[in-house]
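Descriptive structure summary
One letter stands for each residue in the lines below.
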Amino acid sequence: MTVAGWMVVVIAALVIMWAIAIYNRMIVLRNRIDNSWSQVDVQLRRRYDLIPNLVETVKGYAAHERETFEAVTKARQAGIDARTVEDQAAAENMITQALRRLFAVAENYPQLRATENFMQLQEELSGTESKIAYARQFYNDTVLGYHNLIQSFPARIVAGMGGFQPRHYFETEEPEARGPVKVEF
Amino acid sequence: MYDQIASNKRRSYLLIAFFMLMVLAIGYVFSQYSRLGYPAMAAALIFATLMSWGGYYYSDRIVLAMSGAKPVAREEQPYLWNTVEGLSLASGLPMPRLYLIEDTAPNAFATGRDPQHAAIAVTRGLLDKLNRLELEGVIGHEMAHIRDYDIRFMTLVSVLVGTVVLLSDWMLRSMWYGGGRRRSSRGGSGAGGILMLIGLVFVILSPIIAQLMQLALSRRREFLADAEGARLTRYPEGLASALEKLAADTEPLEVANKATAHLYIINPLTEHKGWVNNLFGTHPPIEERVKRLREM
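Definitions and limits used
- Residues numbered from 1 in each chain as written.
- Chains lettered and ligands numbered in written order.
- Predicted model: local features only at pLDDT ≥ 70, side-chain atom pairs only at ≥ 80, totals over all residues.
- Core = buried A, V, L, I, M, F, W, Y, C linked by C-beta atoms within 7 Å.
- Buried ≥ 20, exposed ≤ 12 C-beta atoms within 10 Å, placed from the backbone.
- Helix = DSSP H or I, 4+ residues; strand = E, 2+ residues; numbered from the N terminus.
- Contact = placed C-beta atoms within 7 Å.
- pLDDT = per-residue confidence, 0-100.
- Expected span 1.5 Å × (residues − 1).
- Nonpolar A, V, L, I, M, F, W, Y, C, P; charged D, E, K, R; others polar.
- Axes fitted to C-alpha atoms, helices over the stretch in contact; angles between N-to-C directions.
- Parallel < 35°, antiparallel > 145°, perpendicular 65-115°, else oblique.
- Left-handed = near helix turned anticlockwise from the far one by under 90°.

**Side note on the nonpolar core**
Core analysis: the largest hydrophobic core is formed by 82 residues, its most contacted members being Ala 108, Ile 120, Ala 121, Val 138, Leu 160 and Tyr 264 of chain B. With 10 residues, the single largest contributor to this core is helix 6 (residues 150-186) of chain B. What Leu 160 of chain B contacts, discounting residues up to four positions off in sequence, is Leu 15, Phe 19, Met 51 and Gly 55 of chain B. Counting 16 residues, the second largest nonpolar core, distinct from the first, contains Phe 69, Val 72, Ile 95 and Phe 118 of chain A.

**Observations concerning the confidence of the model for chain B**
Residues and elements named next belong to chain B. Per-residue pLDDT for chain B has a mean of 81; in total, 77% of the residues score no lower than 70. Mean pLDDT across the secondary structure elements of chain B bottoms out at helix 9 (residues 275-280), with 49, and peaks at strand 4 (residues 118-123), with 96. Within the model, the stretch residues 180-189 combines pLDDT values under 50 with seven contacts to residues more than four positions away or in other chains. In the model output, the complex is listed with pTM 0.79 alongside ipTM 0.71.

**A short note on helix 3 (residues 85-107) of chain A**
Over its 23 residues, helix 3 of chain A extends 33 Å from the first C-alpha to the last, a length consistent with the 33 Å expected when each residue adds 1.5 Å. Those residues of helix 3 of chain A that fall on the buried side of the exposure criterion are Gln 88, Ala 91, Glu 92, Ile 95, Thr 96, Ala 98, Leu 99, Leu 102, Phe 103 and Ala 106 of chain A.

**Side note on the interface of chain A and chain B**
Accessible area lost on assembly of the parts is the figure often given for the size of an interface. Listed by partner, the interface residues are 11 residues for chain A and 10 residues for chain B. Elements with a contribution of two residues or more to the side of chain A that touches chain B: helix 1 (3-59) and helix 5 (116-151) of chain A. With nine residues, helix 5 of chain A is the single largest residue contributor to the side of chain A that touches chain B. Class assignment for the residues of the side of chain A that touches chain B results in three nonpolar, five polar and three charged.

**Overview of the packing of helix 1 of chain A against helix 6 (residues 155-162) of chain A**
Residues and elements named next belong to chain A. Look at helix 1 against helix 6: their axes get within 10 Å of each other, and the N-to-C directions meet at 65°. When the axis of helix 1 is compared with that of helix 6, the two are roughly perpendicular. Where helix 1 crosses over helix 6, the two elements pack in a sense that is right-handed. Residues Ala 19, Ile 22, Tyr 23 and Met 26 of helix 1 lie in contact with helix 6, whose contacting residues are Ala 155, Val 158, Ala 159 and Gly 162. Of the residues contributing to the contact of helix 1 with helix 6, the split by class is seven nonpolar, one polar and no charged.

**Some thoughts on unusual backbone geometry**
Pro 154 of chain A follows Phe 153 of chain A through a cis peptide bond whose omega is 5°. Residue Tyr 149 of chain B is not a glycine yet carries a positive backbone phi of 65°. Structurally, Tyr 149 of chain B is set in the loop between helix 5 (132-147) and helix 6. A positive phi angle, near 60°, is found at Arg 234 of chain B, a position not held by glycine. Summarising the element assignment, Arg 234 of chain B is placed in the loop between helix 7 (190-233) and helix 8 (236-248). Classification of Arg 234 of chain B by C-beta neighbours within 10 Å gives partly exposed; the count is 15.

Structure representation (structure tokens):
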């Protein structure tokens with residue numbers, strides 16, 4: 001083969017090696033997104049598990065606040081039924097709003113607020129809220145890193161061939177959604 | 001961040017190598033100037049190897065035990081547990097082991113050899129005196145130390161440098177009382193005198209070297225961990241206000257000592273004001289750290 005021929009072969013080999021490296025990097029990042037989403041999911045489930053307990057506890061003191069309980073239960077169901085990241089985000093906003101109202105109701109019942117059970121639930125819920133927020137933050141950072149790679153040139157050529165689609169960010173409406181159930185006594 | 005991790009790993013191995021050399025050098029000087037002779041050298045080699053191995057795998061436990069830290073279960077401290085779990089999620093690291101120090105002085109440190117074998121210890125005072133956002137700030141700072149492998153290097157420094165300081169202290173004393181007699185019985189040759197001098201220099205220098213190393217590693221590292229911690233919580237004010245509270249609290253932490261002081265988020269020993277201490281302190285001044293956090 002001629003010198004030019006060899007050069008073409010060498011350059012082609014280098015390009016293929018580069019493409020493989022980029023492809024593998026994308027796979028790693030995509031798996032990391034799935035993994036960080038499952039971390040979010042664990043915390044969301046934890047919140048779904050806590051909500052019925054909380055509703056029952058508050059009901060014992062404020063049975064007539066039926067609308068508030070229904071809103072919470074409905075929002076929880078919407079969260080459980082959500083299948084996409086956007087639906088999940090919308091449902092989580094609903095839950096956060098509904099829980100905020102529920103805790104506002106609880107504010108009016110000093111006896112309820114003083115019970116051991118309620119205080120534990122409150123600590124667990126606000127802990128879970130902040131864990132959701134942190135897991136979401138890590139998930140969004142991971143998605144951002146992935147997008148930066150698959151959308152930059154020339155890596156996007158590899159992304160296009162490998163079928164790497166952009167993912168959705170898990171966005172909540174309020175940036176301060178972390179502090180809704182924070183009740184200072 | 002990845003540079004920081006690589007540099008910490010490299011420094012850890014260098015530190016172990018440096019430690020072994022130091023112990024061997026001390027052993028050599030000792031073998032020349034005591035009745036023990038070469039067996040002292042062999043003992044030093046065995047000791048250095050064992051200490052390096054133990055230091056790498058067990059130094060976190062040594063440090064935790066030295067600080068009187070007790071493991072905490074989730075049920076005992078749900079508030080602390082939830083906070084740490086949140087920040088471990090934010091950093092994408094496994095949940096570290098949690099320890100509590102029964103002391104009313106508010107302080108905290110992280111230790112371990114890598115993020116998979118990490119531990120965070122906080123004092124009772126920290127839990128009592130900080131609110132949730134401030135506690136998150138402090139834990140975020142500790143998680144940053146864990147992620148950057150600062151914990152590996154800093155814990156090794158505690159144990160290995162602490163050992164060198166103790167050893168040379170002990171050597172100095174035994175040379176004073178034991179070595180002198182042997183030299184006079186030999187009549188004191190010129191070469192022996194030079195060796196003796198080198199040995200003395202070593203013995204005097206090693207605590208200073210050790211001290212300087214502790215300083216070099218702590219100050220920049222603390223600023224970096226502050227910044228990364230604030231990035232984790234997305235709320236620099238939490239850590240800033242926590243640092244102010246910790247600084248305002250003048251109570252000394254009884255379980256801390258010179259070997260472990262640099263691990264803590266703020267210097268647990270009584271700080272003396274003045275530019276000399278500012279120059280040689282293991283921690284950057286709190287005002288400077290708070291100022292940088294507020295400017296973010």
